[in-house]
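Descriptive analysis of the structure
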Amino acid sequence: MTNNFIEKRKFYRLPFWEPLLITDGKKTVTGGALNMSRGGVFLKTLNTLPLDSMGHITFVIPGHKKSICLKAKVAHLVFDKQRAEVDCGMGIQFVELSNQHQKMIDDFLDAEKDAYLSLAKVLQDRRPSSVDIERHLQQLGYLKGLDLSSLRYKVRRICTIFEEGQLDGVARAGGVG
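Throughout what follows, the structure given in this document is the object of discussion.

**Observations regarding the overall build of the protein chain**
When you go through the protein chain residue by residue, the secondary structure sums to three helices and nine strands. Along the protein chain, helices and strands appear, N-terminal first, in the series β-β-β-β-β-β-β-β-α-α-α-β. In the protein chain, buried positions account for 38% of the 177 residues.

This is the structure:
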């Protein structure tokens with residue numbers, strides 16, 4: 001069987017579980033983000049804007065008190081009626097980011113990457129310290145509630161994107177575009 005999938009992403013994506021809002025001026029869609037990159041976010045929703053719609057997206061980057069509003073474009077749509085395990089929604093590309101906003105996003109994603117890699121080291125121990133795990137879960141809160149086996153799988157899976165060779169053709173930490 002031939003895999004005809006062509007990776008178009010410029011950046012890899014990290015889990016991002018924050019609420020967000022996007023509007024094209026006529027319609028507003030709210031929902032929860034599924035992942036974020038240096039170039040965009042994926043909004044999990046059944047209520048999408050049309051492909052290539054231009055608008056503005058608003059969300060809060062963890063660790064910041066104020067929301068940011070960015071110019072954005074709907075880069076792709078996902079709606080799979082055949083597989084319930086596939087999250088439906090929109091890939092949203094950031095457009096014309098200011099240096100300040102790009103730095104905020106880059107700093108957040110760099111910190112997330114460092115947190116995953118640090119937690120992966122803790123989880124290598126046969127019996128990792130629950131205090132060490134809990135300290136890491138303060139930053140990676142969406143992982144809370146997982147049993148040790150599920151936590152190890154999830155963290156190892158995410159860390160595979162940082163491995164040598166996995167980044168060929170995919171820049172730093174990022175997203176759509």
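So that's the structure; there's more coming.
**Observations regarding the side chain of histidine 101**
Along the polypeptide, histidine 101 turns up in helix α1 (residues 99-123). In this view, histidine 101 contacts Ile68, Cys69 and Leu70; residues no more than four positions away in its chain are not counted.

**Some points on unusual backbone geometry**
Positive phi outside glycine occurs at aspartate 52, with the angle close to 70 degrees. Within the secondary structure, aspartate 52 sits in the loop between β5 (40-44) and β6 (54-59). We classify aspartate 52 as partly exposed; its relative accessible area is 46%.

**What about the environment of glycine 39?**
As for its position among the elements, glycine 39 is in the loop between β4 (28-36) and β5. Accessibility expressed as a relative area gives 8% for glycine 39, which makes it buried. In this structure the C-alpha to C-alpha distance between glycine 39 and glutamine 102, which are 63 residues apart in sequence, comes to 8.8 Å.

**Quick word on the pairing of β4**
Inspection of the sheet shows strand β2 (residues 14-15) paired to β4 by two bridges, in the antiparallel sense. If you follow proline 15 over to β4, its bridge partner there is asparagine 35. The pairing of strand β3 (residues 19-23) with β4 spans five bridges and is classified as antiparallel. Each residue of the ladder has a partner; that of proline 19, found in β4, is glycine 32. Between the antiparallel neighbours β3 and β4 lie four residues, among them glycine 25 with a positive phi of about 95 degrees. Direction of pairing for β4 relative to β5: antiparallel, over a ladder of four bridges. Across the sheet, the residue bridging to alanine 33 is leucine 43, located in β5.

**Brief notes about the packing of α1 against helix α2 (residues 130-137)**
The geometry of α1 relative to α2 is characterised by a closest axis approach of 10 Å and an angle of 165 degrees between their N-to-C directions. The angle between α1 and α2 places the two elements in the roughly antiparallel class. Once α1 is placed against α2, the crossing between them reads as left-handed. In contact with Ala115, Ser118, Leu119, Val122 and Leu123 of α1, α2 contributes Asp132, Ile133, His136 and Leu137. Here the residues of the contact of α1 with α2 are counted per class, giving six nonpolar, two polar and one charged.

**A word on the packing of α1 against helix α3 (residues 148-159)**
Packing of α1 against α3 leaves a shortest axis separation of 9 Å and a crossing angle of 135 degrees. With respect to their mutual orientation, α1 and α3 come out oblique. Two packed elements cross with a definite hand, and for α1 against α3 that hand is left-handed. Here α1 contributes Tyr116, Leu117, Leu119, Ala120 and Leu123 to the contact with α3, which in turn contributes Leu148, Leu151, Arg152, Val155, Ile158 and Cys159. In terms of residue class, the contact of α1 with α3 is made up of ten nonpolar, no polar and one charged.

Definitions and cut-offs
Residues numbered from 1 in each chain as written. Predicted model: local features only at pLDDT ≥ 70, side-chain atom pairs only at ≥ 80, totals over all residues. Heavy atoms only, no water. Helix = DSSP H or I, 4+ residues; strand = E, 2+ residues; numbered from the N terminus. Buried < 20%, exposed > 50% of the residue type's maximum accessible area, 1.4 Å probe, protein only. Contact = heavy atoms within 4.5 Å. Pairing = 2+ DSSP bridges. Axes fitted to C-alpha atoms, helices over the stretch in contact; angles between N-to-C directions. Parallel < 35°, antiparallel > 145°, perpendicular 65-115°, else oblique. Left-handed = near helix turned anticlockwise from the far one by under 90°. Nonpolar A, V, L, I, M, F, W, Y, C, P; charged D, E, K, R; others polar.

Read these as layout, nothing more, since geometry by itself doesn't imply function.
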